[in-house]
Amino acid sequence: MKRAATATVDLDALRHNLTVAQTAAAGSRVMAVVKANAYGHGLITIAKALQHADGLAVACLDEAIRLRHAGLAQPILVLQGFHDVEQIALFAQLNLIAVVHHAEQLQMLRDSDSAAIRIWLKIDTGMGRLGFYPVDVREVYQQLKGSSAVQNEVGLMSHMASADELDSPVTAQQLACFNDCTQGLAGERSLANSAALLASPESRADWVRPGLMLYGANPFVSGTAADWNLRPVMSLSSRLMAIKQICKGQRVGYAGSWTAPEKMLMGLVAIGYGDGYPRHAVVGTPLLIAGKRATLIGRVSMDLLNVDLSSVPEAKVGDEVVLWGEGLPVDEVAQSSSTLAYELLCGATKNLELGINGEIGIGNESN
Ligand SMILES: Cc1ncc(COP(=O)(O)O)c(C=O)c1O
């Protein structure tokens, strides 16, 4: 029996967003970021639909193995690199690119007797996360170039910390730092995430690494995804499962945190935080019922939420309710829930069946 709460991915929208990225990349190659189960959209389905991307980036070896086993032949960058010497052999066998970001990995390369692998050297230019400090880059680069465990060309990469803030000076500072510490070193370069790709042309270099924009969410702290001609890929929807009349002053949901200001119609929707809808969504968070906007009331429960039907008096039990997707950007729901679209997208499909282009029932390939 089909469950009411459903996540559906629109592969046409995904391909459209890839074209937007490719156009903005203006000749730089596009490495589509498909980590975290393609931001919750289904790793293999999404990777196959992104066959025109020049490469794929994942967080860990396990995801890269799944991609190769599914027949994906593009270059695959593994952002965490290898965690031990044994993994290096798998990088060689599967022709994966390993990010090298800390000194212990250099020792692992020295200890490795597997065939030489492809490496991108990661530099911490201000993200304060993975990567060698700029001052160490030349020394590490020379070590990698001299290592028999490393293929000849060494890539150079960094990650942007504040590209989502259009007026932040940090992006330009990171870029200057990167250019300075890599000056004269041979090798392909890559810095730009979605926001930098769209808004900082000088950061595009040889490879851009868009993630969020491919899934149609807004990579900036202001504006909307539509401003950048991006289309939502995931729709999270469910059904109206009950309608009740409530009277003025009636308490709604756990702790009675919301009380009805007047006599009104309330709907109950079959979805909750157990399905990946944010528990912290505030009263007033929008949802679409039969195509019209309505608002959340009370606290979100595990498998239910309450909605004020004043704006949709014609609503009927069984009507489709869209929690985010076409007509209701996930970014709006994220804002009402003090979180980011990244978190909502990644979390929504852990317990739900994933449909493709409206077709439900293919199962969630990742679980
Ligand atoms: C190293 C790296 N590159 C690129 C991306 C893609 O970023 P975005 O989804 O903001 O485009 C990520 C995502 O977190 C990342 O960690």
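Residues numbered from 1 in each chain as written. Predicted model: local features only at pLDDT ≥ 70, side-chain atom pairs only at ≥ 80, totals over all residues.

1. Section: helix α6 (residues 103-111)
Note the cut-off: Here the C-beta atoms are placed from the backbone, and a residue counts as buried if at least 20 other C-beta atoms lie within 10 Å of its own, exposed if 12 or fewer do, and partly exposed otherwise. Under the scheme used here, helices are H or I runs from DSSP no shorter than 4 residues and strands are E runs no shorter than 2 residues, and both carry numbers assigned from the N terminus. Throughout, the arc means the angular range of directions from the helix axis out to the C-beta atoms. The contact rule is simple: place each C-beta atom from the backbone, and if two of them lie within 7 Å, those residues are in contact.
Listed as buried for α6 are Q105, M108 and L109. Buried positions in α6, seen along its axis, are confined to an arc of 100 degrees and lie on one side of it. Exposed residues on α6 whose side chains face more than 90 degrees from its buried face are A103, E104, Q107, R110 and D111. Against α5 (85-93), β5 (97-100) and β7 (150-157) lie the buried residues of α6.

2. Topic: the site of the ligand
We apply this condition: Each residue gets a C-beta atom placed from its backbone. Should that atom fall within 6 Å of a molecule or strand, the residue is termed near it. In this classification, the charged set is Asp, Glu, Lys and Arg, the nonpolar set is Ala, Val, Leu, Ile, Met, Phe, Trp, Tyr, Cys and Pro, and all remaining amino acids, among them Gly, are polar.
The ligand sits among V33, L79, H159, N193, S194, R209, P210, G211, L212, M213 and P219. The residue makeup of the shell around the ligand, split by class, is six nonpolar, four polar and one charged.

3. Comments concerning unusual backbone geometry
A positive phi angle is found at N37, which is not glycine, with a value near 55 degrees. Mapped onto the fold, N37 is located in helix α2 (residues 35-40). For N37, a count of 24 C-beta atoms within 10 Å gives the class buried. Its identity as a non-glycine residue notwithstanding, N95 has a phi of 50 degrees, on the positive side. Relative to the helices and strands, N95 is located in the loop between α5 and β5.

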